[in-house]
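So you can see what is in the structure, the chains are spelled out below.
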Amino acid sequence: MNAKQKGVFATFFVIGLLSMIWLWKSDTKVIIFKEQTTTTTTTIKSVFKNTLNVDPTWISQIPDKELKIFSQNGEDGVLLWIFTNIGTVNSPPRFVEFGTESGKECNTRFLRQQLAWEGLMMDGSHDIPSINLHKEKVTPENINILLEKYQTPRLLDLLSIDLDFDDYFVWKSILQANRFHARVITIEYNYEIPPNENRLVDPKQDARRWTGTNHFGAGILAIAALGRMYNYTLVYADKNGVNLFLIQKDILVKQGILDKIRSVAELHVAKPTTGWKHPQDPDKTRRWIWNDTIWIPD
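Residues numbered from 1 in each chain as written. Predicted model: local features only at pLDDT ≥ 70, side-chain atom pairs only at ≥ 80, totals over all residues. Heavy atoms only, no water.

### Let's talk about helix H3 (residues 75-86)
Inference 1: With 12 residues, H3 should cover 16 Å at 1.5 Å per step; its first-to-last C-alpha distance of 16 Å lies within 8% of that length.
Inference 2: Within H3, burial applies to Glu75, Asp76, Gly77, Val78, Leu79, Leu80, Trp81, Ile82, Phe83, Thr84, Asn85 and Ile86.
Inference 3: Positive backbone phi, at 75°, marks glycine 87, one or two positions downstream of H3. (Helix = DSSP H or I, 4+ residues; strand = E, 2+ residues; numbered from the N terminus. Expected span 1.5 Å × (residues − 1). Buried < 20%, exposed > 50% of the residue type's maximum accessible area, 1.4 Å probe, protein only.)

This is the structure:
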């Protein structure tokens, strides 16, 4: 087998691997390869980088690609599908995720552990240097300082945000600073806020954060509006009503698929697959902020 034939074989092997990840399920367990050779890892990276001749219908197939391996819901499958179709820019691909807890259940474990991605994780209660997880209290005021502290690349492949309360404002701080950018964003939102209401919590009202009620985060319209202001397009909301996925608009324009993105109202999840719902906040004095970022229509 010559070098070209080996390359073709390796490419089809990796595509088959990704297919098995999506298709081979047994209850909650998924058959995956726990070990990979350097050759295979390198080939996976090259497959992610090569986005020539991408099927323009891939964006509409995202709902079928949800898969939980190490993520809370179907985020693992969604992210694999997105990067299979838009590629990566770093070698190795790079990510930042905060709000990971111990890192056992998060959006980047599969990418890091199975596909050799590299990145920074931060959490308010856990510190595991061996996986580059650091104990940090992330706030809108310090996020850019922390990214500098850990020598974050200026352009990331993925940024994942899960802080249970002021996710919107932490992302907004990164966007406004204009020092760090990510091609793909996944961010927690509050599905109980209707898609026609541009509102989010007021984190400066008092010292309280999330208290286990439905007073947390930002609605889908608020997140989409903030993203649109800074060249991001909302492309998906996971079926369990937890995370939103946004991609840099330029990537979608280059692929000629921007007009295939569903509207905010269509993407919104009104009834999560597991039926979860937080109780109403009994304190009616807690405020919401309306129209922090104005939605700019097409």
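### Concerning the confidence of the model for the chain
Inference 1: Taken residue by residue, the chain gives an average pLDDT of 87. The fraction at 70 or more is 82%.
Inference 2: Here residues 2-16 is modelled with pLDDT under 50, and outside its nearest four sequence neighbours on either side it reaches 10 contacts, counting other chains as well. (pLDDT = per-residue confidence, 0-100. Contact = heavy atoms within 4.5 Å.)

### Some points on the pairing of strand E3 (residues 94-98)
A regular strand carries its side chains on alternate faces of the sheet.
Inference 1: The buried fraction of E3 is high, at four of five residues.
Inference 2: As paired elements, E3 and strand E4 (residues 118-123) share five bridges and run parallel to each other. By the bridge assignment for E4, phenylalanine 98 is matched with methionine 122.
Inference 3: On the question of chirality, the crossover connecting E3 to the parallel E4 by way of helix H4 (residues 109-115) is right-handed.
Inference 4: Pairing analysis gives four bridges linking E3 to strand E6 (residues 155-161), with the strands arranged parallel. If you follow phenylalanine 95 over to E6, its bridge partner there is leucine 158. (Pairing = 2+ DSSP bridges. Right-handed = clockwise from strand over helix to strand, strands pointing away.)

### Notes on the sheet that holds E6
Inference 1: Pairing within the open sheet is mixed, and its seven strands lie in the order E5-E4-E3-E6-E7-E10-E9. Edge strands, defined here as strands with exactly one partner in the open sheet, are strand E5 (133-135) and strand E9 (232-237). The sheet shows a mean angle of 20° between the axes of neighbouring strands, direction not considered.
Inference 2: With respect to the sheet, H3 is in contact with E6, strand E7 (181-188), E9 and strand E10 (243-248), its orientation differing from that of E10 by roughly 10°. (Axes fitted to C-alpha atoms, helices over the stretch in contact; angles between N-to-C directions.)

### A look at the environment of arginine 94
Inference 1: Take arginine 94: it is sitting in strand E3.
Inference 2: Each C-alpha atom of the pair arginine 94 and glycine 119 lies 5.2 Å from the other, and the pair is 25 residues apart in sequence.
Inference 3: If near-sequence neighbours (up to four positions away) are discounted, arginine 94 is found in contact with Trp117, Glu118, Gly119, Pro153, Leu156, Asp157 and Leu158.
Inference 4: Of the polar contacts made by the side chain of arginine 94, one reaches the backbone oxygen of glutamate 118; its length is 3.4 Å. (Polar contact = N/O pair within 3.5 Å; in protein donor to acceptor, adjacent residues only side chain to side chain.)

### Some words on the layout of surface pockets
Any space left empty among the atoms is revealed by the rolling of a water-sized probe across them.
Inference 1: Empty space within the largest pocket amounts to approximately 780 Å³.
Inference 2: If you trace the largest pocket, you find 31 residues lining it, with Gly99, Glu101, Asp162, Leu163 and Asp164 closest to the centre.
Inference 3: Secondary structure elements with two or more residues in the lining of the largest pocket: E3 and E4.
Inference 4: Counted by class, the lining of the largest pocket contains 11 nonpolar, 10 polar and 10 charged residues. (1 Å grid on protein atoms, 1.4 Å probe; cavity = no way out; pocket = protein on both sides within 12 Å on 5 of 7 lines; lining within 4 Å. Points joined across faces, edges and corners; volume = space filled by probe spheres on them. Nonpolar A, V, L, I, M, F, W, Y, C, P; charged D, E, K, R; others polar.)

### A look at the pairing of E4
Inference 1: Taken across its six residues, E4 has five buried, putting it largely inside the fold.
Inference 2: Pairing geometry for E4 and E5, over three bridges, is parallel. Along E5, the bridge assignment pairs methionine 122 with histidine 134.

### Re the pattern of salt bridges
It is possible for side chains of opposite charge to pair when their charged atoms get near one another.
Inference 1: One pass over the structure, following the stated rule, counts 13 salt bridges.
Inference 2: Between arginine 154 and glutamate 148 there is a salt bridge, and its shortest N-O distance comes to 3.0 Å.
Inference 3: Judged by relative accessible area, which is 32%, glutamate 148 ranks as partly exposed.
Inference 4: A salt bridge links aspartate 157 to arginine 183; the shortest N-O distance between them is 3.9 Å. Of this pair, aspartate 157 sits in strand E6 while arginine 183 sits in strand E7, and the two are 26 residues apart along the sequence. The exposure classification of aspartate 157 matches that of arginine 183, with both residues buried. (Salt bridge = Lys/Arg side-chain N within 4 Å of Asp/Glu carboxyl O.)

### What about the side chain of arginine 199?
Inference 1: Locating arginine 199 in the fold gives a position in strand E8 (residues 199-201).
Inference 2: Residue arginine 199 is classed as buried on the basis of its relative accessible area of 13%.
Inference 3: Looking at arginine 199, its side chain comes within polar contact range of the side chain of glutamate 197, at 2.6 Å.
Inference 4: Apart from residues lying up to four places away in sequence, arginine 199 is in contact with Ile193, Pro194, Ala218, Gly219, Ala222, Trp288, Ile289 and Trp290.

### Re the environment of isoleucine 261
Inference 1: With respect to the helices, strands and loops of the structure, isoleucine 261 is situated in the loop between helix H8 (249-255) and helix H9 (264-267).
Inference 2: When its relative accessible area of 16% is taken as the criterion, isoleucine 261 is described as buried.
Inference 3: Sequence separation between isoleucine 261 and serine 60 is 201 residues; the distance between their C-alpha atoms is 7.7 Å.
Inference 4: Aside from chain neighbours lying at most four places away, what touches isoleucine 261 is Ile59, Thr233, Leu234, Val235 and Leu252.

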